[in-house]
Every structure is written in structure tokens, then in C-alpha cells.
Amino acid sequence: MIEIRGQLYDGKTSARVGAVCRVYDNGAVHLDRSDTGRRVASFTGIEEVRFSPRLADTPRYLNFAGGMQFETEDNEAVDRVLKGFRRRSGLDFVHLLESKKRYVLAALAAMVLFIALFIRYGVPAAARTIAFHLPARASQIAAEQTLSTLDKAVFRPSELDPAFREGLEAYFQPLISAHSPHSLRVVFRKSDRIGPNAFALPDGTIVFTDKMVEMAEDDDELLAVLAHEAGHVVHRHGMRRLIQDSLLAFALMAVTGDVSGTSELFYAMPIMLTELAYSRQFEREADQYALNYLKSNNIETVHFARLMRRIDQWRQNRRGGRLPSYLSTHPATEERLRRFDP
């Protein structure tokens, strides 16, 4: 006979009483009050009892018909009962894993590996799938909010000569027409804080700063930049990056239980979309897209490299600024630019 001491709930009220559960060799189970010894219930077979699986040293529960429940911290006694009557649970392996340090370390290593693989491959794959299935209105909302915020905070109306701007827009028109499904449109803004910059918004809007236009020596240099930004639009890099960051942020909130940063995530969306800190994969895709477009239209690819090197020199000469310049947020290495050299 094995005695298990604990607390008994009758299944009808929230009251509990001290009790002793006695399990006999023939499988009979008796429940007696600890204070008076009065018999509360009897069961003829161990099969009438449902045992909760062991989890570390947390209390175990023995559940009986009618909602009666017996709670105990005497895990060893319960284990002896289960072993004696060869009762096993499908979750017994959990206690085995948590009670062995080598298994705990192996599980921790597996979890870290899973998280790393999820971040490296799972999140980008999910972001790509979501981005290409989002309705167009979602991209429009993200773009409108971003441009509206920047117009209030860092942009001023363009000061480029209207005739010059119209001529540049006309020069861009063949590329824009070739991307009619993506609704490309070019807008110009002035900002001393940003300097020479260009970026693509999720809805196909491509912003050029006046400084970027002023630093170009010919229209083909700006066309090369436009082709690069069109690559970001076609591959939906803006929405993919926004979704990736959101998935990671929400995953962190789910793990930590801290939802206080949810609103900050959306307030930060304009910066996330315009700082252009794309992954190198995104930049390679946009570069390749620009290369293919320029070559297919018999435009020298070196135009892109020349303008980028000029901007890089400008950036080195002028350190500082609250918002990054074009190349400080693009991985514009010589190795990358050499792809555009003759």
C-alpha cells in the first residue's frame, strides 16, 4: 500500500480539505480526510484515476469521477504508484528531458538554432509571401503615411527649375511606362538634412532630393538610380523589410509579453521605409535589376557607378547629419560598384 498526502477538492465547491490517498496492491483507491480519518470516497481500480504528467516538482493531480480532484506535491509517491501499476503517460519524456542537464543543454542549443534559422530564412520567406499577397491599398497607406510624415519633418518643396524638372520627368517616362503594372511615379523634394538621396516607397512612388539631382552630371546617371529604385519596387523590398521588422518585433513581444512597443513600431514606419538599410540581398537584387534594364536599353551602366562614387566623396567630405545620406545606408562598396564599370 502506498500513501499519498495532499489536498482534496470535492468538485462541487472551492473548499479543500487535507486528505490521504491510499493505493492498495490490488488497485483499490481510498480517499480519507487527514483530520478525522473519515472515508470520503473509494474506488475499486486504479484505472478509475487519471494522473497528471510530472513536470519538475510542480503539484500533481489525481482526477476522479464526478469532478473530484486530489492535489499533491509528493511526486515520488505518485511515481511509485504509476511504476507499480505500469501506468505511463505520453508526456513522461518531458520530465526525463528536463531532469537531465545534457538534455536541457541540447534543447537550449536546438532552440537557439531554430531561432537563428527562423530569423535567417523563415522571416524573410514569410515576409516575401505576405508582401506579394497584400492588397495594393496596404502599400498605398504605408507610402502615404511615410511621405506625409517626411513632408512635415524633413522635406520642403523642391526648388528645382520647373522646366528642368518637367524635362527630367519626360526623360524618365520610357522607364515609367515600361513598369506600368507597378504605378511608378517620381516626386522631388528638398532637404538639407538628408542630402543626396533617392528612395522608393511601397506604392511605386520614388523620391529624388534636389541634392541628388544637382550632383548628377547627366540625365543618364539619374536614370540609372531610377532603375535601381524601380528594382526595389518590383521586388517589393520596402514592404518586405517593413513586414520582416514587424514579424521580429511581434515575435519579441510574444516571447517577452511586452506590448508597449506596438504603437512605436508603426510610428517608426516612415524611418524604416526611408533609411534604405536594405539587406545586401535586396541591394544585389536592385543592382541586378538596374544592370539588366540599362543594358537592355543600350545605356552605359557606368553612369550609376560614377554618381555613386561622387556621392560617396561628398559624404566623406561632410560628416554628420541626423538622417543618413544615400550611400551611408546602402552597402555601396567598390566591389558592388565594379559591376557597373565598363
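Residues numbered from 1 in each chain as written. Predicted model: local features only at pLDDT ≥ 70, side-chain atom pairs only at ≥ 80, totals over all residues. Heavy atoms only, no water.

Student: Please clarify how the overall build of the protein chain should be interpreted in this entry.
Tutor: Secondary structure assignment for the protein chain yields 14 helices and 11 strands. Within the span of the protein chain, comprising 342 residues, buried residues form 41% of the whole. Total accessible area computed for the protein chain in this model is approximately 18,700 Å², and 55% of it derives from carbon and sulfur atoms. (Helix = DSSP H or I, 4+ residues; strand = E, 2+ residues; numbered from the N terminus. Buried < 20%, exposed > 50% of the residue type's maximum accessible area, 1.4 Å probe, protein only. Areas by Shrake-Rupley, 256 points an atom, 1.4 Å probe, with all protein chains shown as cover.)

Student: Is there a simple way to think about the packing of aromatic side chains in this case?
Tutor: Centre-to-centre distance and the angle between the planes together describe a pair of aromatic rings. One pass over the full model with this rule turns up six aromatic pairs. Considering the side-chain rings of Phe 43 and Phe 64, the 4.8 Å spacing of their centres and the 20° angle between planes classify their relative orientation as stacked. One end of the pair, Phe 43, is in strand β4 (residues 39–43); the other, Phe 64, is in the loop between β6 (60–63) and β7 (69–72), and 21 residues separate them in sequence. Comparing Phe 43 with Phe 64, the two get one shared label, buried. Ring geometry for Phe 114 against Phe 118: centres 6.3 Å apart, planes inclined by 15°, an arrangement best described as stacked. (Phe/Tyr/Trp six-rings, centres within 6.5 Å; stacked < 30°, edge-to-face > 60°.)

Student: Sorry if this is basic, but what is going on with the sheet that holds strand β2 (residues 16–23) here?
Tutor: Pairing between the strands of a sheet is mediated by backbone hydrogen bonds and can be parallel or antiparallel. The sheet built from seven strands is open, its strands ordered β4-β3-β2-β1-β7-β6-β5 with antiparallel pairing. Strands at the two margins of the open sheet, each flanked by one partner only, are β4 and β5 (50–51). Of the strand pairs in this sheet, strand β3 (residues 29–33) and β4 are connected by four bridges, and their pairing is antiparallel. In the sheet register, His 30 faces β4, and the bridge partner there is Ser 42. In the packing of helix α1 (residues 75–84) onto the sheet, contacts are made with β1 (2–9), β2, β5, β6 and β7, and the angle to β1 comes to roughly 115°. (Pairing = 2+ DSSP bridges. Contact = heavy atoms within 4.5 Å. Axes fitted to C-alpha atoms, helices over the stretch in contact; angles between N-to-C directions.)

Student: I would appreciate a short explanation of the pattern of salt bridges in the present structure.
Tutor: It is possible for side chains bearing opposite charge to pair when their charged atoms get close. Taken as a whole and judged by the stated rule, the model has 20 salt bridges. Put simply, Glu 3 and Arg 5 hold a salt bridge, and the shortest N to O gap is 3.6 Å. Glu 3 sits in the partly exposed class, given a relative accessible area of 31%. For the salt bridge of Asp 79 with Arg 60, the shortest nitrogen-to-oxygen distance reads 3.2 Å. Of this pair, Asp 79 sits in helix α1 while Arg 60 sits in strand β6, and the two are 19 residues apart along the sequence. (Salt bridge = Lys/Arg side-chain N within 4 Å of Asp/Glu carboxyl O.)

Student: Explain the environment of Gln 7 to me, please; I cannot follow it from the model alone.
Tutor: Position of Gln 7 among the secondary structure elements: in strand β1. Gln 7 sits 27 residues away from Ser 34 along the chain, and the two C-alpha atoms are 9.2 Å apart. In this structure Gln 7 touches Arg 16, Val 17, Gly 18, Gln 69, Phe 70 and Glu 71, once residues within four positions along its chain are discounted.

Student: Which parts of the structure should I look at to understand the packing of helix α5 (residues 162–178) against helix α7 (residues 219–234)?
Tutor: To characterise two packed helices, one gives the angle between the axes of the helices and the distance between these axes. At a minimum axis distance of 10 Å, the contact between α5 and α7 shows a crossing angle of 45°. Viewed along their axes, α5 and α7 adopt a mutual orientation that is oblique. Read as a crossing pair, α5 and α7 show a hand that is right-handed. Across from Leu 168, Tyr 171, Phe 172 and Leu 175 in α5, the residues of α7 making contact are Asp 219, Asp 220, Leu 222, Leu 223, Leu 226, Ala 227 and Ala 230. (Parallel < 35°, antiparallel > 145°, perpendicular 65-115°, else oblique. Left-handed = near helix turned anticlockwise from the far one by under 90°.)

Student: Explain α5 to me, please; I cannot follow it from the model alone.
Tutor: Two residues of an α-helix separated by three or four positions point the same way, owing to the 3.6 residues in each turn. Helix length check: α5, at 17 residues, gives a terminal C-alpha distance of 24 Å against a target of 24 Å (1.5 Å per residue), a fit within 8%. The axis of α5 is deflected most strongly, by about 45°, at Phe 172, and proline Pro 174 appears within four residues downstream. Within α5, the full set of buried residues consists of Leu 168, Phe 172, Leu 175 and Ile 176. Between the side-chain oxygen of the N-cap and the backbone nitrogen of Ala 163 there are 3.1 Å, and the N-cap of α5 in question is Asp 161. (Expected span 1.5 Å × (residues − 1). Bend = angle between axes of the 7 residues up to and from the residue. Polar contact = N/O pair within 3.5 Å; in protein donor to acceptor, adjacent residues only side chain to side chain.)

Student: Explain a positive patch on the surface to me, please; I cannot follow it from the model alone.
Tutor: Taken together, the side chains of Arg 120, Arg 280, Arg 284, Lys 295 and Arg 339 present a region of like positive charge at the surface. Among the elements that line the positive patch, the one with the most residues is helix α11 (residues 280–296), at three residues. By the secondary structure assignment, Arg 284 is in helix α11. (Patch = residues over 30% accessible without salt bridge, like charges linked within 9 Å, V, L, I, M, F, W, Y side chains within 5 Å. Lys, Arg positive; Asp, Glu negative; His and termini not counted. Charge placed at Lys NZ, Arg CZ, Asp CG, Glu CD.)

Student: Honestly, the confidence of the model for the protein chain in this entry has me stumped. Any pointers?
Tutor: Low pLDDT means the predicted atomic positions in that stretch should not be read closely. The predicted model of the protein chain averages 85 in pLDDT, with 84% of residues at 70 or higher. Between residues 270–277, whose pLDDT stays under 50, and residues either more than four places distant or in other chains, the model counts 31 contacts. (pLDDT = per-residue confidence, 0-100.)

Student: Explanation requested: the nonpolar core in the structure shown.
Tutor: General note: in soluble globular proteins, nonpolar side chains tend to be found buried as a group. Judged by nonpolar contacts, the single largest core of 37 residues is most densely connected at Phe 172, Phe 208, Leu 222 and Leu 307. Listed by contribution, the elements that provide at least two residues to this core are α5, β9 (185–190), β10 (198–200), β11 (205–209), α6 (210–215), α7, α11 and α12 (302–317). For this core, the element with the highest residue contribution is α7, accounting for eight residues. Excluding residues within four positions of it along the chain, Leu 222 makes contact with Leu 168, Phe 172, Phe 208, Met 212, Val 213, Ala 216 and Leu 307. Membership of the second largest hydrophobic core comes to 20 residues, among which are Ile 4, Phe 43, Phe 51 and Ala 77. (Core = buried A, V, L, I, M, F, W, Y, C linked by side-chain atoms within 4.5 Å.)

Student: Where do I start with the sheet that holds β11 in this structure?
Tutor: Ordered in space as β8-β9-β11-β10, the four strands form an open sheet in which the pairing is mixed. Each edge of the sheet is formed by a strand with only one pairing partner; in this case those strands are β8 (156–157) and β10. Examined bridge by bridge, β9 and β11 share five bridges and lie parallel to one another. By the bridge assignment, Arg 189 is partnered in β11 with Thr 209.

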